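# Structural features, examined
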Amino acid sequence: MAQSDIMIVDDNPANLKLLEDMLVQQQHEVRSFPLGRLALAAMLKSPPDLILLDVNMPEMNGYEVCERLKANEELSKIPVIFLSALNETQDKVKGFQSGAVDYITKPFQFEEVHARVETHLKLYNLEKALKLQNDHLEETVATRTGELAEANQQLTILDRSKGEFLRLISHEFRTPLNGLLGAGELLLRGKSSVEDTNELKEVFKRSRRRILSILDDALLLTEIDINGEQFKSAEVSLNAVLTKASVKTTEFAESRHVTLGQSWTEPDLVQGDERLLVRAFQALLETAVKFSEDGGTVGLSRDVAAGFLKVIIESHGRTIPIPVLANFFDLLAIVDPITPGGDLGLGPPVACRILALFGAGVSVANLDPPGIGLTVSLRRTAQNGQARTV
């Protein structure tokens, strides 16, 4: 089987015969033409892998033939080796300028012809293989890009569907739940005011509050994950945030006989969304209450450093088990109750996700004497202040 298709163009029959014999011995397929015009017509029908082209020919010399085939996009990449008895430097330069890749001087030497032909065939084949690989790579990249775009579109649809599904569940779940809780409350009201009934009422109230809180927190986490960019940051009064969060936490704290400390009077402004920051601090205050001893107080303090305002929430009574301390704010990381009041719910991860939306953060540490400290770092926009404990 022929290795390559080589075209020889020379008006001298003896040269054609000699080159044909040389190349056929090397198992190449050879086509010979005495005129450049005929060779060009044959190239257009079936392009060769390499052309051996004589310079001095009638009608159209080698330079003209080479220039014409290089002007053709389909033929321009075919390597051309000039054949000539002209050995002057200017002749060789003219050959290279017209588009040739090499130059063989007559009379031919078999070893030289063989070496130059094989070298340029290898280069040509490598170039074709590289182009084929690049074309395949471009096609693969285009295909993968299309697949990724389609996958991204599907993920967007799934995310939207997930959010809509959770909102639907939240809405549909509340309707029968409100009926169930309302009926339970009516039944409890009809009971005698004995100690067992009061205890049952307290369990009912806590369960009701917890179920509704889980629904709200799950929906909020989904909204943050899917459409976090929709929550805009603005200047917010930290005092207003802490006051509203404390009010929302008071009933929960009183049910556990815990007192909430008062905030400070400095007019601190921070970056965030007031509604979300109130929810974050409510979750952290409730968490501190759960780690407080009966009759204890949850303390609040502030510290200013490097453009950040730190709010420190401290409770005393219980600590966080060391194995779960590092994952305290991870969603579903703490599956077992670690306080007498039950599990922590979604409060800590909700607070962490909200604060992260506004370039803020929260950390937790165990205290000695036993207790926990929650440190919230917020981006500050107002005047500086000094650390103060309340």
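Here goes a summary of the coordinates provided. The structure presented is a predicted model; accordingly, all values stated were derived computationally and were not measured.

Summarising the element assignment, isoleucine 372 is placed in strand β12 (residues 371-379). C-alpha of isoleucine 372 to C-alpha of threonine 287: the two residues are 85 residues apart in sequence and 9.6 Å apart in space. With near-sequence residues (within four places) excluded, isoleucine 372 lies in contact with Thr287, Ala288, Phe291, Ile313, Glu314, Ser315, Arg318, Thr319, Ile320, Ala365, Asn366 and Leu367.

All right, on to the packing of aromatic side chains then. Counted under the stated rule, the structure contains 4 aromatic pairs. Seen from their ring centres, phenylalanine 82 and tyrosine 103 are 6.4 Å apart, and the 55° between their planes marks the pair as tilted. Of the two residues, phenylalanine 82 sits in strand β4 (residues 80-84) while tyrosine 103 sits in strand β5 (residues 102-105), which places them 21 residues apart along the sequence. Considering the side-chain rings of phenylalanine 328 and phenylalanine 329, the 5.2 Å spacing of their centres and the 90° angle between planes classify their relative orientation as edge-to-face. Aromatic ring contacts, followed pair by pair, group Tyr63, Phe82 and Tyr103 into a single cluster.

This part is about the side chain of serine 98. You can see serine 98 is positioned in the loop between α4 (89-97) and β5. On the accessibility criterion, serine 98 (6% relative accessible area) is buried. Reaching out from serine 98, the side chain makes a polar contact with the backbone oxygen of glycine 95 at a distance of 2.7 Å. Beyond its immediate chain neighbours, meaning those up to four positions away, serine 98 contacts Tyr63, Cys66, Glu67, Lys70 and Phe82.

So, about the pairing of strand β2 (residues 29-33). Two strands pair when backbone bridges link them, and strand β1 (residues 5-9) and β2 are joined in this way by 5 bridges, in the parallel orientation. Opposite isoleucine 6, over in β2, you have valine 30 as the bridge partner. Crossover β1 to β2 through helix α1 (residues 13-25) is right-handed.

A few words on the packing of helix α7 (residues 238-255) against helix α8 (residues 274-290). It is the contact of α7 with α8, at a shortest axis distance of 8 Å, that shows an interaxial angle of 45°. Looking at the two axes, α7 sits oblique to α8. Note that α7 runs across α8; the crossing there is right-handed. Facing Leu238, Ala240, Val241, Leu242, Lys244, Ala245, Ser246, Lys248, Thr249, Phe252 and Ala253 of α7, the residues of α8 in contact are Glu274, Leu277, Val278, Phe281, Gln282, Leu285, Glu286, Val289 and Lys290. A breakdown of the residues in the contact of α7 with α8 according to their chemical character gives 12 nonpolar, 3 polar and 5 charged.

In this structure, proline 107 follows lysine 106 across a cis peptide bond, with omega equal to -5°. Within the fold, proline 107 resides in the loop between β5 and α5 (110-189). A cis amide bond, omega 10°, links aspartate 368 with the succeeding residue proline 369. Tracing the backbone shows proline 369 in the loop between β11 (361-367) and β12. A positive phi angle, close to 70°, is found at glutamine 27, a residue other than glycine. When you line up the elements, glutamine 27 lands in the loop between α1 and β2. Of note, the phi angle at glutamate 59 is positive, near 70°, even though the residue is not glycine. Along the polypeptide, glutamate 59 turns up in the loop between β3 (50-54) and α3 (62-71).

One pass over the structure, following the stated rule, counts 12 salt bridges. In this structure, arginine 37 and glutamate 59 form a salt bridge, with 3.1 Å as the shortest nitrogen-oxygen distance. Placement of arginine 37 in helix α2 (residues 36-45) and of glutamate 59 in the loop between β3 and α3 is noted, with a sequence separation of 22 residues between them. Classification of glutamate 59 by relative accessible area gives exposed; the value is 59%. Salt-bridge contacts for aspartate 49 lead to lysine 128; the nearest nitrogen and oxygen are separated by 3.6 Å. Highlighted residues: aspartate 49 in the loop between α2 and β3 and lysine 128 in helix α5, separated in sequence by 79 residues. Given the relative accessible area of 17%, aspartate 49 is considered buried. Of the residues examined, lysine 128 reaches a relative accessible area of 38% and is grouped as partly exposed. Among the charged side chains, a salt-bridge network with shared partners connects Asp10, Asp54 and Lys106.

Reading the values: rules and limits
Residues numbered from 1 in each chain as written. Predicted model: local features only at pLDDT ≥ 70, side-chain atom pairs only at ≥ 80, totals over all residues. Heavy atoms only, no water. Helix = DSSP H or I, 4+ residues; strand = E, 2+ residues; numbered from the N terminus. Contact = heavy atoms within 4.5 Å. Phe/Tyr/Trp six-rings, centres within 6.5 Å; stacked < 30°, edge-to-face > 60°. Buried < 20%, exposed > 50% of the residue type's maximum accessible area, 1.4 Å probe, protein only. Polar contact = N/O pair within 3.5 Å; in protein donor to acceptor, adjacent residues only side chain to side chain. Pairing = 2+ DSSP bridges. Right-handed = clockwise from strand over helix to strand, strands pointing away. Axes fitted to C-alpha atoms, helices over the stretch in contact; angles between N-to-C directions. Parallel < 35°, antiparallel > 145°, perpendicular 65-115°, else oblique. Left-handed = near helix turned anticlockwise from the far one by under 90°. Nonpolar A, V, L, I, M, F, W, Y, C, P; charged D, E, K, R; others polar. Salt bridge = Lys/Arg side-chain N within 4 Å of Asp/Glu carboxyl O.

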